[in-house]
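# Structural overview
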Amino acid sequence: MDPIYLDHAATTPLREEVLAAMQPWQSDAFGNASSLHRWGRAAHAALEGARAEVAAALGARPAEIFFVRGGTESDNLALIGSTRAKAASGRPVLVISSVEHSAVRDAAAHLSAEGAADVRVAEVSADGALDLEALAAMIEGREATVSVMWVNNETGLTLPVAAVAHLARAHGATFHTDAAQAVGKVPVDLRDVPADLLTATGHKINGPKGTGVLFVREGTHVPPLLFGGGQERGLRPGTEDVSGAVGFATALGLAVREREANAARLTRLRDVLEAALVARVPGLRVNCAGGPRSPHVTSVGIPDTDGAALLMALDLEGVAASGGSACHSGAARTSHVITALYGADDATATVRFSLGLGTTEADVLRAAETTGVVVERMRATP
């Protein structure tokens, strides 16, 4: 039987419409957007058209959109830049949630190690709750940046971003959200949520790898991390990838326009998958089942099973899933997200199934059946 790809939270296949939009800018229309001749002017017009399309999809202004080379760069630029900008007023505070992506966690660790910030962690519970009073106490009276992801990449848990954004604004703090798993999956409108900085990336929404944006709200100061030719108004210098920007904008526009219909379809498929897994695998826990979740991700905990061996066995049976984040070069390690939500003594094997445009009901039912067979075989093996 054909293999089943249920790892769309790791990366997604490029849509045909996106590839078609990109191709002219990879061949005949190859100009440098900073050049003044006709090739350059055409490239510049395409770049600015893509910027306007991204801004419209996010509820922003074109001048607030900066093209970068992916989500990790966007997260680093947002956190390191905004934190360093506050250093003139004393050692700032950087608050991150306990379930952040490694691009945020490691950037925070870097800032702490170089003495640029006091890093504090706001705990998140398995039902998505975050103690806003404790968070307020962390930033009270201090120059601060707060970073809370919109949708957790390992569990699909949706965090209270709007409430945190309003709290940060009330305390004069800069608020950043990693929305890589949110855009195109849940409603994201920067006219409603007063985030100062927002990260998104193309390959999570059937766009090209190596593309992304950083939204910087007007009036938010973020100094650059790189220096060069002054492109992207000096914030992200380097010759612009016009093809990538067009591809990102096309993918984002499609994802946002189709979001409501796709969300309904994926929610139904996720529920079918979870019901089938619970029925087939004794002791299985649906992680964060009691909290608000994005429709495209389900994470399960399976006791009495080795997680790495389970994922390998599923792959051999033709089912692609993951243990959580795919951002550690495939390394098998205990998930900091599951540890934060369920404690360091949690002994379950974590499997993340993430759904996308090509996922069918037959796919999720076969994945559940295969998981049941594999777990049963592993538990029976001494």
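Look up: the structure comes first, before these words.
The numbers attached to residues start from 1 for each chain and follow its sequence in the written order. Given that the model is predicted, a residue must reach a pLDDT of at least 70 before its local features are reported, and side-chain atom pairs must reach 80 or more before they are shown or counted; all residues, however, enter totals for whole chains, interfaces and linings. Remark: hydrogens and water are excluded; side-chain values derive from all non-hydrogen atoms of the structure.

## What about unusual backbone geometry?
One non-glycine residue, N206, adopts positive backbone phi at about 65 degrees. As for its position among the elements, N206 is in the loop between β7 (197–201) and β8 (212–216). A positive phi angle is found at D304, which is not glycine, with a value near 60 degrees. Within the element layout of this structure, D304 appears in the loop between β10 (297–302) and α9 (307–316). Assessed through its relative accessible area of 65%, D304 is described here as exposed. Only DSSP runs of H or I with at least four residues qualify as helices, and only runs of E with at least two residues qualify as strands; both kinds are numbered from the N terminus onward. Whether a residue is buried, partly exposed or exposed follows from its accessible area with a 1.4 Å probe, protein chains only, as a fraction of its type maximum: under 20%, in between, or over 50%, in that order.

## Regarding helix α11 (residues 361–380)
Expected helix span is given by 1.5 Å per residue-to-residue step, counting one fewer step than there are residues. Between its first and last C-alpha atoms α11 spans 29 Å; for 20 residues at 1.5 Å apiece the expected length is 28 Å, and the two agree. Among the residues of α11, those classed as buried are D363, V364, R366, A367, A368, T370, T371, G372, V374 and V375. Elements in contact with the buried residues of α11: β1 (4–5), α8 (259–280), β10, α9, β11 (319–320) and β12 (349–354). The contact criterion used throughout is that any non-hydrogen atoms of two residues lie within 4.5 Å.

## Re the packing of aromatic side chains
The geometry of an aromatic ring pair comes down to the distance between the two centres and the angle between the two planes. Stacked, tilted and edge-to-face pairs are distinguished by plane angle, under 30 degrees for stacked and over 60 for edge-to-face with tilted covering the rest, among Phe, Tyr and Trp rings (Trp via its six-membered ring) whose centres lie within 6.5 Å. For the structure shown, the criterion picks out 0 aromatic pairs. Lysine and arginine charges are scored as sitting over a ring when NZ or CZ, respectively, is within 6 Å of the ring centre and within 35 degrees of the ring normal. It is R233 that lies over the ring of F66; its NZ or CZ is 3.9 Å from the centre. The ring of Y342 carries the charged tip of R285 above its face, separated from the ring centre by 3.7 Å.

## Structural notes on the sheet that holds strand β6 (residues 174–178)
Two strands pair under a simple rule: DSSP has to find at least two bridges between them. With mixed pairing, 7 strands are arranged side by side in an open sheet as β2-β8-β7-β6-β5-β3-β4. Edge positions in the sheet fall to β2 (65–68) and β4 (118–122), since each has one partner strand and no second. If you compare each strand with its neighbour and ignore which way they point, the axes differ by 20 degrees on average. Pairing of strand β3 (residues 93–97) with strand β5 (residues 144–147), which is carried by 4 bridges, proceeds in the parallel orientation. In this analysis an axis means a line fitted to C-alpha atoms, helices contributing only their contacting stretch, and an angle means the value between N-to-C directions, from 0 to 180 degrees.

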